[in-house]
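Here's the letter readout for the chains.
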Amino acid sequence: LALRRLATRCGLQHLGVDTWVERVDAAVPALNVRARGTALVSEAAPGVSLNHFLNDNLATDMQFIREMLERIDHKQVVALALHDLLFSEGDRHGGNVHIDERANLKMIDNDNALGFRYGSQSWNEPRAVDSIFLPGSQRFSQLAKGRLSRLMDYRCHALGGEVGT
């Protein structure tokens, strides 16, 4: 929720799905497990993950993929890169960016932001920024191998095609 509040203060809240805290009382009878307490809940992201979109269409319709990815709003790509850089996103890959039928992008799964390393033995370990939107990161390099990096590279989407002053 802290990340959501920070994103809102920066005008970047529209990039992710809405999240909130909710009381839960659930049971899984087959496992004889009951859960009561509070949980972080989020709305469902529209569309499908970029990975799913690419894998479903790669073998059949490369032209459709190109057309769809070229329809992505330039401002969205720049804003997503800004978000991931500002909030030190450490795990932004194609599985946690969704694309809908209008080529709008939404990010999910921000648990590796703000320098945290989710699931690690030590929460004090530094987490490097790693995003498909940020050149120089491991995730971006993996995307570059598939020759789709220019479509997610914020520098290719900057106003006037230039970054800087």
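All of these numbers come straight from a predicted model, not from anything done at the bench.

Draft legend 1. Focus on the overall build of the protein. Regarding its fold elements, the protein presents 6 helices and 5 strands. Each helix and strand of the protein, ordered N terminal to C terminal, gives the series α-β-β-β-α-α-α-β-β-α-α. Out of the 165 residues belonging to the protein, those deemed buried represent 34%. Sequence-distant contacts, at least 24 apart, represent 54% of the contacts inside the protein between residues at least 6 apart.

Draft legend 2. Highlighting the packing of helix H2 (residues 50-57) against helix H3 (residues 62-70). Relative to each other, H2 and H3 sit at 150°, their axes nearing to 8 Å. The orientation of H2 with respect to H3, classified from their angle, is roughly antiparallel. Considering only the axes of H2 and H3, their crossing is right-handed. Note on element contacts: H3 touches H2 through Met62, Phe64, Ile65, Met68 and Leu69, opposite Leu50, Phe53, Leu54 and Asn57. A per-class count over the contact of H2 with H3 returns 8 nonpolar, 1 polar and no charged.

Draft legend 3. How the structure looks around the environment of Phe64. Turning to its location among the elements, Phe64 is positioned in helix H3. A residue is classified by how much of its surface remains accessible, and Phe64, at 34% relative accessible area, is partly exposed. When residues no more than four places from it in sequence are discounted, the contact partners of Phe64 are Phe53 and Asn57.

The rules behind the values
- Residues numbered from 1 in each chain as written.
- Predicted model: local features only at pLDDT ≥ 70, side-chain atom pairs only at ≥ 80, totals over all residues.
- Heavy atoms only, no water.
- Helix = DSSP H or I, 4+ residues; strand = E, 2+ residues; numbered from the N terminus.
- Buried < 20%, exposed > 50% of the residue type's maximum accessible area, 1.4 Å probe, protein only.
- Contact = heavy atoms within 4.5 Å.
- Axes fitted to C-alpha atoms, helices over the stretch in contact; angles between N-to-C directions.
- Parallel < 35°, antiparallel > 145°, perpendicular 65-115°, else oblique.
- Left-handed = near helix turned anticlockwise from the far one by under 90°.
- Nonpolar A, V, L, I, M, F, W, Y, C, P; charged D, E, K, R; others polar.

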